[in-house]
Amino acid sequence: MGLERIVDIATDNRHLSAHRGFLIVSEERVEVGRVPLDDVGAVIVHAHGVTWSTNLIVALAERGAVMLLCGSNHSPAAICLPIDGHHAQNGRMRAQWEAGRPLSKQLWRALVVAKIRWQGAVLAANGHSATAFDHLARKVGSGDPENIEAQAARRYWPTLMGEAFRRDRDAQGANALLNYGYAVMRAACARAVVAAGLHPSIGVHHAHRGNPFALADDVIEPFRALVDALTIRLIAHDITGVTSEAKRAYAGLIAVDLMLDDGITTVWLAIQRTAQTLARSFQSGRATDLILPAPPSALELAALDGLIAR
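Okay, so let's go over this structure. (Residues numbered from 1 in each chain as written. Predicted model: local features only at pLDDT ≥ 70, side-chain atom pairs only at ≥ 80, totals over all residues. Heavy atoms only, no water.)

**What about the overall build of the protein?**
Link 1 in the chain: Each helix and strand counted, the protein has eleven helices and ten strands in total.
Link 2 in the chain: Expected size for 310 residues packed as a compact globule is a radius of gyration near 19 Å; at 19 Å, the protein falls within 12% of this value.
Link 3 in the chain: By principal-axis analysis of the C-alpha atoms, the protein measures approximately 60 × 50 × 35 Å.
Link 4 in the chain: Counting only residues that meet the buried cut, the protein has 51% of its 310 residues in that class.
Link 5 in the chain: Summarising the internal contacts of the protein: among those between residues at least 6 apart in sequence, 66% fall at separations of at least 24.
Link 6 in the chain: Taking the average place of the 31 positive charges on the side chains of the protein and the average place of its 30 negative ones, the gap between the two points comes to 4 Å. (Helix = DSSP H or I, 4+ residues; strand = E, 2+ residues; numbered from the N terminus. Rg over C-alpha atoms; globule rule 2.2 N^0.38 Å. Buried < 20%, exposed > 50% of the residue type's maximum accessible area, 1.4 Å probe, protein only. Contact = heavy atoms within 4.5 Å. Lys, Arg positive; Asp, Glu negative; His and termini not counted. Charge placed at Lys NZ, Arg CZ, Asp CG, Glu CD.)

**As for helix 8 (residues 224-236)**
Link 1 in the chain: Over its 13 residues, helix 8 extends 19 Å from the first C-alpha to the last, a length consistent with the 18 Å expected when each residue adds 1.5 Å.
Link 2 in the chain: Taking burial as the measure, the 13 residues of helix 8 include eleven buried ones, the bulk of the element.
Link 3 in the chain: Residues Arg 224, Ala 225, Leu 226, Val 227, Asp 228, Ala 229, Leu 230, Thr 231, Ile 232, Arg 233 and Leu 234 constitute the buried set of helix 8.
Link 4 in the chain: Packed against the buried residues of helix 8 are helix 3 (101-125), helix 5 (148-161), helix 6 (174-195), helix 9 (244-251), helix 10 (267-284) and helix 11 (298-302).
Link 5 in the chain: Of the residues flanking the end of helix 8, it is Asp 238, one or two places downstream, whose phi is positive at about 65 degrees. (Expected span 1.5 Å × (residues − 1).)

**Regarding the packing of helix 6 against helix 10**
Link 1 in the chain: The contact between helix 6 and helix 10 brings their axes to 8 Å, and the two run at 45 degrees. Classed by the angle they form, the pair helix 6 and helix 10 counts as oblique. Note on packing geometry: the crossing formed by helix 6 with helix 10 is right-handed. From helix 6, Met 185, Ala 188, Cys 189, Arg 191, Ala 192, Val 193 and Ala 195 reach across to helix 10, where they touch Val 267, Trp 268, Ile 271, Gln 272, Ala 275 and Gln 276. (Axes fitted to C-alpha atoms, helices over the stretch in contact; angles between N-to-C directions. Parallel < 35°, antiparallel > 145°, perpendicular 65-115°, else oblique. Left-handed = near helix turned anticlockwise from the far one by under 90°.)

**Some words on unusual backbone geometry**
Link 1 in the chain: In the Ramachandran plot, Glu 28 falls in the positive-phi region, its phi being about 50 degrees despite a non-glycine side chain.
Link 2 in the chain: Along the polypeptide, Glu 28 turns up in the loop between strand 3 (22-27) and strand 4 (30-36).
Link 3 in the chain: On the accessibility criterion, Glu 28 (73% relative accessible area) is exposed.
Link 4 in the chain: The residue Asn 147 is not glycine, and still its phi comes out positive at about 55 degrees.
Link 5 in the chain: Under the relative-accessibility criterion, Asn 147 is labelled partly exposed at 39%.

**Quick notes on the sheet that holds strand 4**
Link 1 in the chain: The strand order across the open sheet formed by four strands is 4-3-2-6, and the pairing between neighbours is mixed. The open sheet terminates on both sides in strands that have one partner only, identified here as strand 4 and strand 6 (51-52).
Link 2 in the chain: Looking at chain direction, strand 2 (residues 15-19) and strand 6 are connected through two bridges and run parallel. The residue bridging His 15 from the neighbouring strand is Thr 51, located in strand 6. (Pairing = 2+ DSSP bridges.)

**Focus: the packing of aromatic side chains**
Link 1 in the chain: Going through the model one piece at a time under the given rule, you end up with five aromatic pairs.
Link 2 in the chain: Arranged with centres 5.5 Å apart and planes meeting at 65 degrees, the rings of Trp 118 and Phe 223 form a pair that is edge-to-face. Placement of Trp 118 in helix 3 and of Phe 223 in the loop between helix 7 (214-219) and helix 8 is noted, with a sequence separation of 105 residues between them.
Link 3 in the chain: On the basis of relative accessible area, Phe 223 is assigned to the buried category, the value being 0%.
Link 4 in the chain: With a centroid separation of 5.5 Å and 40 degrees between ring planes, the pair formed by Trp 157 and Phe 165 is classed as tilted.
Link 5 in the chain: An aromatic cluster is present here, built from Phe 133, Tyr 156, Trp 157 and Phe 165 joined pairwise through their rings.
Link 6 in the chain: Positioned above the aromatic ring of Phe 22, the side-chain terminus of Arg 34 is 4.8 Å from the ring centre. (Phe/Tyr/Trp six-rings, centres within 6.5 Å; stacked < 30°, edge-to-face > 60°. Lys NZ or Arg CZ within 6 Å of the ring centre and 35° of its normal.)

**Some words on the nonpolar core**
Link 1 in the chain: The biggest cluster of nonpolar side chains holds 82 residues, and the ones touching the most others in it are Ile 116, Met 185, Leu 234, Tyr 250, Leu 253 and Phe 282.
Link 2 in the chain: In terms of residues, this core owes the most to one element, helix 6, which gives 14 residues.
Link 3 in the chain: Not counting residues within four places of it along the chain, the set of residues in contact with Leu 234 comprises Leu 177, Ile 239, Ala 246, Ala 249, Tyr 250 and Ile 308.
Link 4 in the chain: Counting 18 residues, the second-largest nonpolar core is a separate cluster that includes Val 45, Ala 47, Leu 56 and Ala 65. (Core = buried A, V, L, I, M, F, W, Y, C linked by side-chain atoms within 4.5 Å.)

See the structure below:
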């Protein structure tokens, strides 16, 4: 399969349907766009008054694609996921459900360490010292009992975005950009989790009853820094709102190349490998089976500039 596409619906009163292998977008019964269903990895709906056919939802589910519905702050509000995932779904979900606390805590430690190291890589690539982040990553214990993740965040955001910045999901500007970028990445993570035969609502750390994305919110942690890195580049190009240019840039993130131990791959394939090896960890009971991508180099992060239209 080629690289899957993220389809964003941002114009009000559009209708989405499936016809002869295509996702059809129409307005007042006039077609305004189409995308091959086999190319769709996720559909993200931000606009109001959007309707869709049951046939489309079934066609997306049959292909393992997800539909993500967002609120006015560009954060996800609901998700439609396929019931059928990996051929070994039953066994993997059972292992996921029965995973003991020690394993879950070790997996969370690995994800937090990776997140902090990725944050350090983004800071270093933008001319800031990342020494403290190497130190913080080494301090993370099983389950992160000292909440080193939050300590890192308190250093990270003012350094990256400026002393006046506060992460606020309901704010506009940079916060709205981050919300949108995380929504795109979360959709990719939810898609990968389902494809790996896991249930996205059963997390290793995120466990709020009302969160259908709990496991996707665990898997996304290292990859959030890519969204952050692209966000500061958008702002540097005077793109300070969730414009069409910003949306195209974020949708392109999953196609960015990363250097892994066994060669170059895309962010999307790195997310898939994370989800697949997480499933392996649940079944084996070994946290060491989880394979997380190494922090990106300054050169890899510089490639994000290519996502922004000149």
